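# A structural walkthrough
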Amino acid sequence: MKNTYLIIGSGRLAHHLKFWFASRGMEILGWDRSQDPHLLNGLIKKSTHILLAIKDDAIQSFHDRYLAGFDKKIIQFSGSQSFPGMQGAHPLMTFSHQLYDENFYEKINWMVEGSEPLPSIFPELKNPFFNLPVEKKPLYHALCVVGGNLPQILWSWIEKEANNLNIPKDVWEIYWETSLKNFVSQGPTAITGPLVRNDKATLDMDLAALQQSSTTELANIFQAFIKNFSSGTLTQNSQSKDVRL
């Protein structure tokens, strides 16, 4: 019997899942709250798997209202929360408004809650996966949020201040891309600049400049970096103290 996946939701994840699964030849249905609720019961009956690509806060209430009593495999995509009667699976990827190349989706790693293997949840997918116990999910998801979102927030603030200096937005692209590539290939030893060198005079000037800028959040974050890392932690992880930013 061929599986039929009912994807609930209209956000970015649902959008990507529909494209991704369709590209794999998987049979999919879709429903979101803009549609008639009376259609949902029939779609559920046609499906073997119910995929809740909705806000974490809505998962339990949606299940209790619409799915209770159905003998279906229910998958929820919260990276931090777990719910009785539902299998947790979280694609470790950031999903933009634009779809990715079909082949890219096959590289995405999945975090699977508990000990169930990914092929037993999605037999059609060949993606790499790893398992986590329920109690480890909140820390895992916090790491995802910090690693995936905080850099983008910092970049947004930097672009705002750079615009005040009439620095073109696109000049940062090669700098940030190279910085990320260096970290991926070299780890903490790729970090450069006055924090690594513990160059106090430069750090003080940088902090003062940020404190006078219109984005005080950058100053607060930079001050925390100085407090926590200019004590020598980064210097010990660096291959060279003389590498210049």
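Residues numbered from 1 in each chain as written. Predicted model: local features only at pLDDT ≥ 70, side-chain atom pairs only at ≥ 80, totals over all residues. Heavy atoms only, no water.

## Overview of the packing of helix α8 (residues 200-211) against helix α9 (residues 216-229)
Two measures define how a pair of helices packs: the angle their axes make with one another and the distance between the axes. Where α8 contacts α9, the axes come no closer than 8 Å and their chain directions differ by 160°. Here α9 runs roughly antiparallel to α8, going by the angle between their axes. Crossing of α8 against α9: the hand is left-handed. Counted together, L203, D206, L207, L210 and Q211 of α8 and L218, A219, F222, Q223 and I226 of α9 form the full contact between these two elements. Its residues placed into classes, the contact of α8 with α9 shows seven nonpolar, two polar and one charged. (Axes fitted to C-alpha atoms, helices over the stretch in contact; angles between N-to-C directions. Helix = DSSP H or I, 4+ residues; strand = E, 2+ residues; numbered from the N terminus. Parallel < 35°, antiparallel > 145°, perpendicular 65-115°, else oblique. Left-handed = near helix turned anticlockwise from the far one by under 90°. Contact = heavy atoms within 4.5 Å. Nonpolar A, V, L, I, M, F, W, Y, C, P; charged D, E, K, R; others polar.)

## Here's the deal with a nonpolar patch on the surface
Together, V145, V146, L150 and I153 make up an exposed nonpolar region whose accessible area comes to about 290 Å². By secondary structure assignment, the location of L150 is in helix α5 (residues 137-164). (Patch = residues over 30% accessible without salt bridge, like charges linked within 9 Å, V, L, I, M, F, W, Y side chains within 5 Å. Areas by Shrake-Rupley, 256 points an atom, 1.4 Å probe, with all protein chains shown as cover. Salt bridge = Lys/Arg side-chain N within 4 Å of Asp/Glu carboxyl O.)

## Thoughts on helix α6 (residues 171-186)
Over its 16 residues, α6 extends 24 Å from the first C-alpha to the last, a length consistent with the 22 Å expected when each residue adds 1.5 Å. At the C-terminal side of α6, G187 shows a positive phi close to 70°. (Expected span 1.5 Å × (residues − 1).)

## Describing the packing of aromatic side chains
Here the structure, examined in full by the defined rule, presents 20 aromatic pairs. Taking 6.4 Å as the distance between ring centres and 25° as the angle between the ring planes, the aromatic pair formed by F95 and Y100 counts as stacked. Judged by its relative accessible area of 11%, F95 falls in the buried class. By relative accessible area, Y100 is classed as partly exposed at 21%. (Phe/Tyr/Trp six-rings, centres within 6.5 Å; stacked < 30°, edge-to-face > 60°. Buried < 20%, exposed > 50% of the residue type's maximum accessible area, 1.4 Å probe, protein only.)

## A few points about the pairing of strand β6 (residues 110-113)
Side chains W110 and V112 of β6 all project onto a buried face; the interleaved residues M111 and E113 project onto the opposite face, where all are buried too. Two strands pair when backbone bridges link them, and β6 and strand β7 (residues 129-132) are joined in this way by four bridges, in the parallel orientation. Bridged to M111 within β7 is F130. (Pairing = 2+ DSSP bridges.)

## Thoughts on the sheet that holds β6
One open sheet holds the seven strands; their spatial order is β2-β1-β3-β4-β5-β6-β7, and the pairing between them is mixed. Of all strands in the sheet, those with a lone pairing partner are β2 (27-31) and β7, marking the two edges. The sheet shows a mean angle of 25° between the axes of neighbouring strands, direction not considered. Bridge count between strand β4 (residues 73-76) and strand β5 (residues 87-91): two bridges; the pairing is parallel. Counted as the bridge partner of Q76 is G88 from β5.

## A closer look at helix α1 (residues 12-23)
Taking 1.5 Å of rise per residue, the 12 residues of α1 would be expected to cover 16 Å, and the 17 Å separating its terminal C-alpha atoms lies within 8% of that figure. Looking only at α1, the buried set comprises L13, A14, H16, L17, W20 and F21. All buried residues of α1 lie within an arc of 165° about the axis, which places them on one face of the element. Contacts from the buried residues of α1 go to β1 (4-8), β2, β3 (49-52), β5 and β6. Just downstream of α1, G25 is the residue with a positive phi angle, here 80°. (Arc of directions from axis to C-beta.)

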